[in-house]
Amino acid sequence: MTEAKNTEPLWWGLFSAGGVVAAFLVPVHIILFGFAVPLGWVSDSGMLYRNGLIKIYLFVLIALPLYHWAHRFYFALNDMKLGLPRKPLALLCYGGAIVGTLATIWVLLSL
Amino acid sequence: MSVVRPDKSKLFYRELPRSWWLSKQSYFLFMLRELSSLFIAIFLVVFLVQLYQLTRGPEAYAAFARKLSSPGWILFNLITLLFALYHSITWFYSSAIVLPLRIGEREIPRNLFVALNIGVLIVVSLVIWRLFLAFNG
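Residues numbered from 1 in each chain as written. Chains lettered and ligands numbered in written order. Predicted model: local features only at pLDDT ≥ 70, side-chain atom pairs only at ≥ 80, totals over all residues.

Along chain B, the regular secondary structure elements total 4 helices and 2 strands. Tracing chain B from N to C terminus, the helices and strands come up as α-α-α-β-β-α. Computed over the C-alpha atoms, the radius of gyration of chain B is 22 Å, more than 25% above the 14 Å expected from 2.2 N^0.38 for a compact globule of 137 residues. Summarising its shape, the C-alpha atoms of chain B cover approximately 65 × 45 × 35 Å along the three principal directions. Here chain B, with 137 residues, has 21% of them falling under the buried criterion. Contacts spanning at least 24 positions in sequence make up 45% of the contacts within chain B whose residues lie at least 6 apart. (Helix = DSSP H or I, 4+ residues; strand = E, 2+ residues; numbered from the N terminus. Rg over C-alpha atoms; globule rule 2.2 N^0.38 Å. Buried ≥ 20, exposed ≤ 12 C-beta atoms within 10 Å, placed from the backbone. Contact = placed C-beta atoms within 7 Å.)

As structure tokens, then:
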């Protein structure tokens, strides 16, 4: 339990950074990739995502809000008093964000 | 640095019913705000799957984008957009408390802080939109 307390600032920092990314960058991407591209308002060949700088941007865009989700989801489920065991829940949430980060790195590197 | 926490066995806990967050509008809005992160995360995972399709070739990528034009996905993305905007607004309000902006000695009013952040959100969104069109045009 002491170990979990020591890593708290790290998770909180990632939560906070993810919150900023989600607040400023995510809405326009939902409009682009949720509506504009699928409905054919704009064309998207996908060539853009092979650029190194764009890959770094996409990494920040995708990975950081996952930690924001992990933090909020963990505490919201605890607050809901559903009687879910804390440790496995924390593992599922924060572990899920870490798996998502690794998957993002893997996909971006294979583009 | 260690934080001294009170002995838990000596604290008084009032048992809350599971439905506590349905009992008051502000509690319900709090839960909606927390839930926004789930929709945003699902959207980003779907976007990652879309990028993965690109590793399999441009046809797979285009086919995936077509799949997202179904009414179900459009509805999901509409709900996600509303949640994302709700996250943005509530995030700006909490930033106004956590990181108040000062001019000289005085903090700028909270509503002005939020309005400035909304302005930044709009400018950033327009720049990303223009850059996307410029590179894909």
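The structure having been displayed, the exposition proceeds.
Along the backbone of chain A there are 5 helices and 0 strands. For chain A, the α and β elements follow one another from N to C terminus as α-α-α-α-α. For chain A, the C-alpha radius of gyration of 17 Å lies well beyond 13 Å, the compact-globule estimate for 111 residues. Taken along its principal axes, the extent of the C-alpha atoms in chain A is 50 × 25 × 20 Å. Put simply, 77% of the contacts in chain A that link residues at least 6 apart link residues at least 24 apart.

Counting residues at the interface gives 41 residues for chain A and 44 residues for chain B. Listing elements by their share of the side of chain A that touches chain B, those giving two or more residues are α2 (8-24), α3 (26-36), α4 (52-79) and α5 (86-110) of chain A. Among the elements that make up the side of chain A that touches chain B, the one with the highest residue count is α3 of chain A (9 residues). Of the residues in the side of chain A that touches chain B, the class split is 29 nonpolar, 9 polar and 3 charged. (Nonpolar A, V, L, I, M, F, W, Y, C, P; charged D, E, K, R; others polar.)

Packing of α3 of chain A against helix α3 (residues 71-98) of chain B brings their axes to within 9 Å, and their N-to-C directions diverge by 170 degrees. Looking at the two axes, α3 of chain A sits roughly antiparallel to α3 of chain B. For the pair formed by α3 of chain A and α3 of chain B, the contact residues are Val-26, Pro-27, Ile-30, Ile-31, Gly-34 and Phe-35 of chain A on the first element and Asn-77, Thr-80, Leu-81, Ala-84, Leu-85 and Ser-88 of chain B on the second. Its residues assigned to classes, the contact of α3 of chain A with α3 of chain B comprises 8 nonpolar, 4 polar and no charged. (Axes fitted to C-alpha atoms, helices over the stretch in contact; angles between N-to-C directions. Parallel < 35°, antiparallel > 145°, perpendicular 65-115°, else oblique.)

As a further point, take the packing of α3 of chain A against helix α1 (residues 25-55) of chain B. For the pair α3 of chain A and α1 of chain B, the least separation of the axes is 11 Å and the interaxial angle reads 50 degrees. The angle between α3 of chain A and α1 of chain B places the two elements in the oblique class. Handedness of the crossing formed by α3 of chain A with α1 of chain B: left-handed. Facing α3 of chain A, whose interface residues are Val-26, Ile-30, Phe-33 and Gly-34 of chain A, α1 of chain B presents Ile-40, Phe-43, Phe-47 and Gln-50 of chain B. Per-class residue counts for the contact of α3 of chain A with α1 of chain B are 6 nonpolar, 2 polar and no charged. (Left-handed = near helix turned anticlockwise from the far one by under 90°.)

Our next topic: the confidence of the model for chain A. When pLDDT is averaged across chain A, the result is 93; 95% of the residues are at 70 or more. Element-level pLDDT for chain A is lowest in helix α1 (residues 2-6) of chain A, with a mean of 60, against a maximum mean of 98 in α3 of chain A. (pLDDT = per-residue confidence, 0-100.)

Counting all residues, the mean pLDDT for chain B is 92, and 97% of those residues have values of 70 or more. Mean pLDDT across the secondary structure elements of chain B bottoms out at strand β1 (residues 102-103) of chain B, with 88, and peaks at α3 of chain B, with 97.

Of all hydrophobic cores here, the largest spans 43 residues; its most connected members are Leu-66 and Ala-70 of chain A together with Ile-40 and Leu-44 of chain B. Of all the secondary-structure elements, those providing two or more residues to this core are α2, α3, α4 and α5 of chain A together with α1 and α3 of chain B. Not counting residues up to four positions away in its chain, the partners in contact with Leu-66 of chain A are Gly-18, Ala-97, Gly-100 and Thr-101 of chain A together with Ala-41 and Leu-44 of chain B. (Core = buried A, V, L, I, M, F, W, Y, C linked by C-beta atoms within 7 Å.)

All names here are of chain A. Phi at Lys-81 is positive, roughly 55 degrees, even though this residue is not glycine. Relative to the helices and strands, Lys-81 is located in the loop between α4 and α5. On the basis of neighbour count, Lys-81 is assigned to the partly exposed category, with 14 C-beta atoms found within 10 Å.

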